[in-house]
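Examining the three-dimensional arrangement
So you can see what is in the structure, the chains are spelled out below.
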Amino acid sequence: MALSPLCLSRSGPLSLLRSLSRSQGVPARAMSAAQWARELFGVAVKAVQPDSVLSSSLTLQGGRLLVGGQSFAIDHNLYLVGFGKAVLGMAAAAERVVGGHLVRGVVSVPHGIQDALRREGRG
């Protein structure tokens, strides 16, 4: 789908509907409510995936780490600390961005999350 997840926060429902219909090659009037709901759900889920969230707010440019508009010198001097239900995906995505600059990290997940991920075939 060609629709950017950021459109959810930048536009109203009508603009989003037009974008969804263009991405599907179908006029907005021809999309059923179910089609529109499925497309909207897909865009919303993609917008909160760790890679999507981090790629829009965390970038590495040369020896600088850009985080939310601020720039930090980086030279194998990063420590990662995280906690919460989404921390596993977020930590993995952050590690992909900063690579070898990560010295050490620790994450804390809710009790039972690893078992739940294994049951779903994701852990």
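Of all hydrophobic cores here, the largest spans 8 residues; its members are Leu-54, Leu-58, Leu-65, Ile-74, Leu-78, Ala-93, Ala-94 and Val-98. Among the elements that take part in this core, helix α5 (residues 87-98) stands out by supplying 3 residues, more than any other. In this view, Ala-94 contacts Leu-54, Leu-58 and Leu-80; residues no more than four positions away in its chain are not counted.

Another point: the sheet that holds strand β3 (residues 70-73). Pairing is antiparallel across the open sheet formed by 3 strands, whose spatial order is β1-β2-β3. Edge positions in the sheet fall to β1 (58-61) and β3, since each has one partner strand and no second. Neighbour-to-neighbour, the strand axes of this sheet turn through a mean angle of 25 degrees, independent of strand direction. Relative to β3, strand β2 (residues 64-67) is paired through 4 bridges, and the arrangement is antiparallel. From the neighbouring strand, Arg-64 faces β3, where its bridge partner is Ala-73. Where α5 meets the sheet, its contacts fall on β1 and β2, and the angle it forms with β1 comes to roughly 15 degrees.

This paragraph deals with unusual backbone geometry. For His-76, which is not glycine, the phi torsion reads 50 degrees and is therefore positive. Along the polypeptide, His-76 turns up in the loop between β3 and β4 (78-83).

Criteria and thresholds
- Residues numbered from 1 in each chain as written.
- Predicted model: local features only at pLDDT ≥ 70, side-chain atom pairs only at ≥ 80, totals over all residues.
- Heavy atoms only, no water.
- Core = buried A, V, L, I, M, F, W, Y, C linked by side-chain atoms within 4.5 Å.
- Buried < 20%, exposed > 50% of the residue type's maximum accessible area, 1.4 Å probe, protein only.
- Helix = DSSP H or I, 4+ residues; strand = E, 2+ residues; numbered from the N terminus.
- Contact = heavy atoms within 4.5 Å.
- Pairing = 2+ DSSP bridges.
- Axes fitted to C-alpha atoms, helices over the stretch in contact; angles between N-to-C directions.

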